[in-house]
Amino acid sequence: MLVAVSLIECFFLLTVSAAQTIQVDITPAHVTNRFVPNETLGAGVDRIPAAAIDKDLLEPVLKQVFASGWQPVTYRQNTELAIEAWHWNPQGTWSDPAGKGYFTGSATPTETIRYSYGYSLPHRGTTRNDGTDNAGFSRLTDGDLNTYWKSNPYLTQRFTGESDALHSQWVILDLTQNQQVDSIRIAWAQPYATRYVVQYWTGDDPIKAQTKGVWETFPHGEVTAGNGGTETIRLSDNPSPIRFVRILMTESSNTCDSHQPADAKLDDPRNCVGYAIRELYLGTTTADGDFHDILRHTADQEQTATYASSVDPWHEPSDLLSTKQAQVGFDLFYTSGVTRGLPAMIPVALLYDTPDNAAAEIEYLKKRNYPISYVEMGEESDGQFMVPEDYGALYLQWAAALHRIDPKLKLGGPSFQGVNKDIEVWPDANGKVSWLGRFLDYLKQHSRMNDLAFFSFEHYPYDGCKTPWGTLYDEPDLVNHIMQVWREDGVPLNVPMFITESNLSPAASETYMDMFAGVWLADYIGSFLNSGGNGVYFFHYLPLQMEHGCNDSPGTFGMFTVDANYQIQQPLSQFFVAQLINLEWVQPGAGEHLVFPAKSDIDDGAGHALVTAYAVKRPDDQWSVMAVNRDQLNAHRVRLVFQDQATQATTFFSGAVDVSTFGKNQYQWHPAETQFLAHSEHSGEQPVIAITKGKADPDGPVLHTRQTGEKDAWYDLPAASVVVFRGKLVR
């Protein structure tokens, strides 16, 4: 045993670089942030399998979850990503007495709400977006003239008070490759467009790269007196190669759709505004006058793909397709203990819902006396391809409805997807392309900036299929950059910024279980707070089953592996790093922490910092430094120096220094073995399956030691590790 220890020590000394420095700037004027842990460091609860709700929200599991130290909770609203209307309360009323239409949940507490569900929208016009994956389909090319796409009525003059031309609606056809086109056929439903243009895109992709091209109107593509019915338009004299086609609608017939027959007693203006199309056809017209369609019409993902600016949230009970997945019911959410008694960030559905339903939700929560910290308006509007002015119009309508319930509610959004650069959209009349900048302009133009109490976005920095170790070097710059972008877009300094959902990537993989994920988490949280962030939420708080991930590897967004019954088997690297952040680096509770700049002089010779550091002064008067050694192979030995640049005074840790270490000696993930199947043995089975389970060995815990701080003290950072040093300075 003595020989083994000696060999380990020799190896460590051989791989330790010469003593180098982490320097902390403790100048009072240089404080970069102030935060309170039980308001700032939280986690998210999303739509999950109903079985997970039943198993996870129980005391034995929650006790292990709480050991991670995350504090406040944000309730994630997933139904909008799937183009669904949210019945946050299964009990409620329909706008049509026949039991269909626009649903408003009951604001009167009766039965305990355990689950809530999303209802698919029968007037959907988007084949797929960044939330639906490959589920569902568009009614624009489904081959059924009895179905139709319809735009959101809340974007019409009847509800916005603005000209419909200011909120023009559109649908786009994607042919996947250039095809010869000179004609279009539009089978309109009611209401139809009386004024519209048909355009083609000059660039590569008008959805993913909206500033790299322009929309050009076909030579004969302008219609100023549309009559509805089925219109066939010869767009140009000769066919030309086209991939993307857009119909841009600016004036409606304002005639009533099929949900409001002429002889019906129902009088709902939402049925009689906007635009509706039964089916689209595109192709060429030959000299004999025959139209030749090139689109694929089918009610599944094989249809010719379409995109739509918005969707009417009208639906009926049969549109509830599955109850296997559910949003946690609000009563269970608040009474299970998962909120730890703290106020929670609550969402309202906005993109595919009604202001009445959102207001009823808040009224219900207030009647139950459930504490709300913030209300997030909608979910990932950018991923739903909504233009900022349309989101702004809905935002203001919803804000007015919610503030009638409680004028003190803190509203915000738009919960952007996890992007690393500014979100750009087709230029407006002034040539402005920044999504956020234009949304803020819309609020200012309507003198409603006070309705934006916070700005929220998500953070998924990496492509889950492309995560070599060196990508870790990018994280601090990615966080710093995107927060600077939002401020430059116009987010006022007095509006707090929250990352309301975050992890490595939007796609799970084995990387999530590796030490890579733990090292990343420390850098991410430290960078966000150092950059002035006001609240951050880890995703996902509750334990979930492994899911099929990048490169056919199994992965989980959670902090644990679980068995088939959702019982926790092992904590993962992010669990232990969460403990370092929440229980060692900061002092848990409601005390204010001050963040100070810190940096090391250790790099890889190519300008990448191998060691990053994040320093806080805690309310217990201790200084705490979280050092992240991103060097995968080499340990480093450092000195910790604290300097007040105003007085040029330099000081050091003195007395007992608590050291908490988590690295390769505490944790190693051993991946699952996978096997390729030439043809699936079972229907719908993945072509690559795991034949063994991955496991961590060793699997923690964090190593706690103590050493004496002094001027010449050095501190060890093992390879690929996160280490927290905590103590008091020489007085």
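Refer to the structure printed above.
Here the structure is a predicted model, which means the values were calculated and not measured.

Chemist: Help me out: how do you make sense of the overall build of the protein in this one?
Modeler: Helix and strand content of the protein: twelve helices and 44 strands. Taking 27 Å as the expected radius of gyration for a compact globule of 731 residues, we find that the protein reaches 28 Å, a close match to that expectation. Over its C-alpha atoms, taken along the principal directions, the protein stretches across nearly 90 × 55 × 55 Å. Counting over 731 residues, the protein shows a buried share of 59%. Once local pairs closer than 6 in sequence are excluded, the contacts in the protein between residues at least 24 apart make up 79%. As displayed, the protein offers around 28900 Å² of accessible surface, 49% of which is attributable to carbon and sulfur atoms. Taking the average place of the 52 positive charges on the side chains of the protein and the average place of its 88 negative ones, the gap between the two points comes to 6 Å.

Chemist: In this structure, what is going on with the sheet that holds strand S6 (residues 84-87)? I would like to understand it.
Modeler: What the four strands build is an open sheet, ordered S4-S20-S9-S6; its pairing is antiparallel. The outermost strands of the open sheet, each flanked by one partner alone, are strand S4 (48-49) and S6. By the bridge criterion, two bridges tie strand S9 (residues 115-120) to strand S20 (residues 325-328) in an arrangement that is antiparallel. Note that in S20 the partner of tyrosine 115 across the bridge is valine 328.

Chemist: Help me out: how do you make sense of the environment of phenylalanine 291 in this one?
Modeler: Mapped onto the elements of the fold, phenylalanine 291 is located in strand S18 (residues 291-293). What makes phenylalanine 291 buried here is its relative accessible area of 15%. For the pair phenylalanine 291 and serine 183, spaced 108 residues apart in the sequence, the C-alpha separation amounts to 7.6 Å. Other than its neighbours up to four places away in sequence, phenylalanine 291 contacts Ser183, Ile184, Arg185, Thr232, Tyr281, Leu282, Gly283, Thr284 and Thr285.

Chemist: Where do I start with the pattern of salt bridges in this structure?
Modeler: Where side chains of opposite charge bring their charged atoms close, a pairing between them can arise. Under the defined criterion, the tally for this structure stands at 28 salt bridges. Notably, a salt bridge pairs glutamate 389 with arginine 438, separated by 2.8 Å at the nearest N-O pair. Of this pair, glutamate 389 sits in helix H8 (residues 388-405) while arginine 438 is found in helix H9 (residues 435-445), placing the two residues 49 residues apart along the sequence. Of the two residues, glutamate 389 and arginine 438, neither departs from the other in class, the shared state being buried. A salt bridge links aspartate 428 to arginine 438, with the nearest nitrogen and oxygen atoms 3.9 Å apart. Taken together, the positions of aspartate 428 in the loop between strand S23 (411-416) and H9 and arginine 438 in helix H9 put the pair ten residues apart, joining distant regions of the chain. Residue aspartate 428 is classed as partly exposed on the basis of its relative accessible area, which comes to 24%. Connected through salt bridges with shared partners, the residues Arg76, Glu376, Glu379, Glu458 and Glu501 form a single ionic network.

Chemist: Mind showing me how you'd approach unusual backbone geometry here?
Modeler: Trans is the common state for peptide bonds, and a negative phi is the common state for residues other than glycine. Cis geometry is found at the peptide bond from glycine 413 to proline 414, where omega equals 5°. Mapped onto the elements, proline 414 comes out in strand S23. Geometrically, the link from phenylalanine 539 to histidine 540 is a cis peptide bond, its omega value of 20° lying close to zero. Although it is not a glycine, asparagine 254 adopts a positive phi angle of roughly 55°. For asparagine 254, the position within the fold is in the loop between strand S16 (240-252) and strand S17 (276-285). Since its relative accessible area comes to 41%, asparagine 254 is described here as partly exposed. The phi dihedral of glutamate 380 falls on the positive side, at around 55°, and the residue is not glycine. As for its position among the elements, glutamate 380 is in the loop between strand S22 (372-377) and H8.

Chemist: Any chance you could explain the nonpolar core here in plain terms?
Modeler: As a rule of thumb, nonpolar side chains are buried together in soluble globular proteins. Counting residues in hydrophobic clusters, the biggest one holds 139 residues, and the most contacted among them are Trp70, Phe333, Met377, Leu402, Trp486 and Tyr541. Take this core: its biggest share by element is eleven residues, from helix H11 (residues 515-530).

Chemist: How should the state of the cysteines be read in this particular structure?
Modeler: What is meant by a disulfide is a covalent connection between two cysteines, made through their sulfur atoms. Throughout the structure, instances matching the rule amount to two disulfides. A disulfide bridge connects cysteine 256 with cysteine 272, and the sulfur atoms are separated by 2.0 Å. Residues cysteine 256 and cysteine 272 share a disulfide whose torsion about the S-S bond is about 95°; that sign makes it right-handed. With cysteine 256 in the loop between S16 and S17 and cysteine 272 in the loop between S16 and S17, the pair connects residues that are 16 residues apart, well separated along the chain. Going through the protein in sequence order and numbering each bonded cysteine, the pairs you get are 1-2, 3-4.

Chemist: What exactly am I supposed to notice about the sheet that holds strand S33 (residues 611-617) here?
Modeler: In a beta sheet, neighbouring strands are held together by backbone hydrogen bonds and run either parallel or antiparallel to one another. Read across the open sheet, the seven strands follow the order S2-S31-S33-S34-S44-S37-S42; overall the sheet is antiparallel. For this open sheet the edge positions go to strand S2 (33-35) and strand S42 (703-709), each flanked by a neighbour on one side alone. Each adjacent strand pair in this sheet contributes to an overall mean axis angle of 25°, direction not counted. Judged from the seven bridges that link them, strand S34 (residues 623-629) and strand S44 (residues 721-729) form a sheet pairing that is antiparallel. Each residue of the ladder has a partner; that of methionine 626, found in S44, is valine 724.

Chemist: What's the story with the packing of H11 against helix H12 (residues 573-585) in this structure? I'm lost.
Modeler: Contact geometry of H11 with H12 gives a least axis separation of 7 Å together with a crossing angle of 35°. The chirality of how H11 crosses H12 is right-handed. Together, Met515, Ala517, Gly518, Trp520, Leu521, Ala522, Ile525, Gly526 and Leu529 of H11 and Ser573, Gln574, Val577, Ala578, Ile581 and Trp585 of H12 make up the contact between the two elements. Each residue belonging to the contact of H11 with H12 can be placed in one class, and the counts come to eleven nonpolar, four polar and no charged.

Chemist: What exactly am I supposed to notice about helix H7 (residues 355-367) here?
Modeler: In an α-helix, one turn spans 3.6 residues, which is why side chains three or four residues apart end up on the same side. Compared with the 18 Å implied by 1.5 Å per residue over 13 residues, the 18 Å span of H7 between its first and last C-alpha is a close match. Each element contacted by the buried residues of H7 is listed here: S6, strand S8 (100-105), helix H6 (330-335), strand S21 (344-348), S22 and H8. Asparagine 369 lies just past H7 and shows a positive phi near 60°.

Chemist: Would you mind going over the packing of aromatic side chains with me for this structure?
Modeler: In this description, a pair of aromatic rings is defined by centroid distance and the angle of the planes. Summed over the entire model, instances satisfying the criterion amount to 50 aromatic pairs. Between phenylalanine 333 and tyrosine 334, the aromatic rings sit 5.2 Å apart at their centres with planes inclined by 85°, giving edge-to-face as the arrangement. For phenylalanine 333, a relative accessible area of 0% gives the class buried. The structure contains a cluster of three or more aromatic residues connected by ring pairs, namely Tyr75, Trp86, Trp88, Phe330, Phe333, Tyr334, Tyr364 and Tyr370. The ring of phenylalanine 66 has arginine 340 sitting right over it, with the charged end atom 4.5 Å from the ring centre.

Reading the values: rules and limits
- Residues numbered from 1 in each chain as written.
- Predicted model: local features only at pLDDT ≥ 70, side-chain atom pairs only at ≥ 80, totals over all residues.
- Heavy atoms only, no water.
- Helix = DSSP H or I, 4+ residues; strand = E, 2+ residues; numbered from the N terminus.
- Rg over C-alpha atoms; globule rule 2.2 N^0.38 Å.
- Buried < 20%, exposed > 50% of the residue type's maximum accessible area, 1.4 Å probe, protein only.
- Contact = heavy atoms within 4.5 Å.
- Areas by Shrake-Rupley, 256 points an atom, 1.4 Å probe, with all protein chains shown as cover.
- Lys, Arg positive; Asp, Glu negative; His and termini not counted.
- Charge placed at Lys NZ, Arg CZ, Asp CG, Glu CD.
- Pairing = 2+ DSSP bridges.
- Salt bridge = Lys/Arg side-chain N within 4 Å of Asp/Glu carboxyl O.
- Core = buried A, V, L, I, M, F, W, Y, C linked by side-chain atoms within 4.5 Å.
- Disulfide = S-S within 2.5 Å.
- Axes fitted to C-alpha atoms, helices over the stretch in contact; angles between N-to-C directions.
- Left-handed = near helix turned anticlockwise from the far one by under 90°.
- Nonpolar A, V, L, I, M, F, W, Y, C, P; charged D, E, K, R; others polar.
- Expected span 1.5 Å × (residues − 1).
- Phe/Tyr/Trp six-rings, centres within 6.5 Å; stacked < 30°, edge-to-face > 60°.
- Lys NZ or Arg CZ within 6 Å of the ring centre and 35° of its normal.

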